[in-house]
Amino acid sequence: MKRRESEPQFTTPEFLNRLRSGDKEAIDSLVDAYTDHLLRGALGLGFVGDEAKDLVQEVWLAFVGGVSKFEGRSHVRTFLFGMMFNKARERRRELKHDANHDPIDDVVEQRFDLNGRWAAPPLDPEQFLSSAQTMLLIKDCIDGLPLAQRMAFCLREIDEHGTEDVCDILKVSNSNLGVLIFRARNRLRECIERKSSGGK
Amino acid sequence: MRSCKEIVRLVGSDAPLSVRERVEIRFHMLMCKHCSRYRKQLRILRESFKKLFKDLTTPADLDQAELKEKIKRKIQECSKSSDD
């Protein structure tokens, strides 16, 4: 996987100037470099087939539409992913999640007693995910995540983006990112436990 | 001593850890079966997700080259129409 350090050619002032002036060659080189990344990101967010391609195309057109004002404060790739996250949210018509309260917090809370000891301990990992249906099961559970949690989890676990980038993409602070990831993991964990112990 | 609930929060949110916290976590895991299960579950989750993601994201290369060309064309069309 390419990391941002390997693409210094896209951060020079000269390149950014060409980009801002709408230079076709500069824009095309970005399309060549990042379309695959974006498409993978769209698929990771749960967009399927043509829907994913449409989303990627929409991101590029929006990017080019505003490129004259691109300041280059974030790396182009980070900026593109941020745009994709917003477009994805528009498409899903998902309102900005209330960051202060999430029902999963109560579920986690109930797993512990008043002294903070496990009241309902986790399943044995052997039972947790072992079958051939694992992939379907996990996919089902991921589809149940709010978009911001899904994006945070995907970007983090695939490990292609550093923490700083992920914060920049989602426009959250470091500690909020921690909250998103914690909620995503607990949602997934609870969902998988429920499903693998025969529930719905 | 930190409670299980606190340990789980440290382990589950990718918080940057101090040396002291790292030691506390390691020590806690030795004694607490439940928390080490929790951590193992997170590890399984990560690994399975990576595998799933790989399966999800291997569209034919040809397709992507096509997509790139299509996008470049669209971009040109759009910038032309805005020049007029």
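Everything discussed here concerns the structure shown above.
These figures come from a predicted structure and were not determined experimentally.

Reading the values: rules and limits
- Residues numbered from 1 in each chain as written.
- Chains lettered and ligands numbered in written order.
- Predicted model: local features only at pLDDT ≥ 70, side-chain atom pairs only at ≥ 80, totals over all residues.
- Heavy atoms only, no water.
- Disulfide = S-S within 2.5 Å.
- Helix = DSSP H or I, 4+ residues; strand = E, 2+ residues; numbered from the N terminus.
- Buried < 20%, exposed > 50% of the residue type's maximum accessible area, 1.4 Å probe, protein only.
- Patch = residues over 30% accessible without salt bridge, like charges linked within 9 Å, V, L, I, M, F, W, Y side chains within 5 Å.
- Areas by Shrake-Rupley, 256 points an atom, 1.4 Å probe, with all protein chains shown as cover.
- Salt bridge = Lys/Arg side-chain N within 4 Å of Asp/Glu carboxyl O.
- Contact = heavy atoms within 4.5 Å.
- Buried area = accessible area lost by both parts, 1.4 Å probe.
- Polar contact = N/O pair within 3.5 Å; in protein donor to acceptor, adjacent residues only side chain to side chain.
- Phe/Tyr/Trp six-rings, centres within 6.5 Å; stacked < 30°, edge-to-face > 60°.
- Lys NZ or Arg CZ within 6 Å of the ring centre and 35° of its normal.

> Would you take a moment to explain the state of the cysteines for this structure?
Two cysteines whose sulfur atoms are joined by a covalent bond form what is called a disulfide. In the structure shown here, the tally under the stated rule is 1 disulfide over all chains. Cys141 of chain A shares a disulfide with Cys191 of chain A; S-S distance 2.0 Å. Here Cys141 of chain A and Cys191 of chain A share a disulfide; its torsion about the S-S bond, -80°, makes the bridge left-handed. Taken together, the positions of Cys141 of chain A in helix 7 (residues 134–143) and Cys191 of chain A in helix 10 (residues 174–196) put the pair 50 residues apart, joining distant regions of the chain. Residue Cys141 of chain A shares its accessibility class with Cys191 of chain A, and that shared class is buried. Free cysteine Cys4 of chain B: the closest other cysteine sulfur is in Cys35 of chain B, separated by 3.8 Å. Since its relative accessible area comes to 9%, Cys4 of chain B is described here as buried. Of all cysteine sulfurs in the structure, the one in Cys32 of chain B sits closest to Cys35 of chain B, which takes part in no disulfide; the separation is 3.7 Å.

> What exactly am I supposed to notice about a nonpolar patch on the surface here?
Together, Met1, Phe27, Leu30 and Met31 of chain B give the surface a local cluster of nonpolar side chains, amounting to about 570 Å² of exposed area. If you trace the backbone, Met1 of chain B turns up in the segment before helix 1 (4–12).

> Explain the interface of chain B and chain A to me, please; I cannot follow it from the model alone.
Taken together, the contact pairs 40 residues of chain B with 49 residues of chain A. Regarding the contact of chain B and chain A, the summed buried area is about 4400 Å², with carbon and sulfur atoms giving 71% of it. Looking at the side of chain B facing chain A, the largest losses of area belong to Gln41, Leu45 and Phe49 of chain B, adding up to 15% of the total buried there. The tally of links between chain B and chain A comes to 7 salt bridges. Residues Lys5 of chain B and Glu109 of chain A are paired through a salt bridge, measuring 2.5 Å at the closest nitrogen-oxygen approach. Across the contact surface, chain B and chain A share 14 residue pairs in polar contact (both at pLDDT 80 or more). Contributing elements (two or more residues each) for the side of chain B that touches chain A: helix 1, helix 3 (33–56) and helix 4 (61–83) of chain B. Here the side of chain B that touches chain A gets 17 residues from one element, more than from any other, and that element is helix 3 of chain B.

> Can you walk me through the environment of Glu157 of chain A in this structure?
Of note, Glu157 of chain A is situated in helix 8 (residues 147–158). Along the sequence, Glu157 of chain A and Ile181 of chain A sit 24 residues apart, while their C-alpha atoms lie 9.7 Å from each other. Leave out the neighbours within four places in its chain, and Glu157 of chain A touches Arg185 of chain A together with Arg46, Phe49 and Lys50 of chain B. A polar contact of 2.8 Å, which involves the side chain of Glu157 of chain A, links it to the side chain of Arg46 of chain B.

> Hey, could you run me through the packing of aromatic side chains in this one?
Here the distance between the centres and the angle between the planes together describe a pair of aromatic rings. Residues and elements named next belong to chain A. All chains considered together, the criterion is met by 10 aromatic pairs over all chains. Here the aromatic residues Trp60, Phe63, Phe70 and Phe79 are joined through ring pairs into a cluster of three or more. Here the basic side chain of Arg92 rests over the ring of Phe47, its NZ or CZ set 3.9 Å away from the ring centre.

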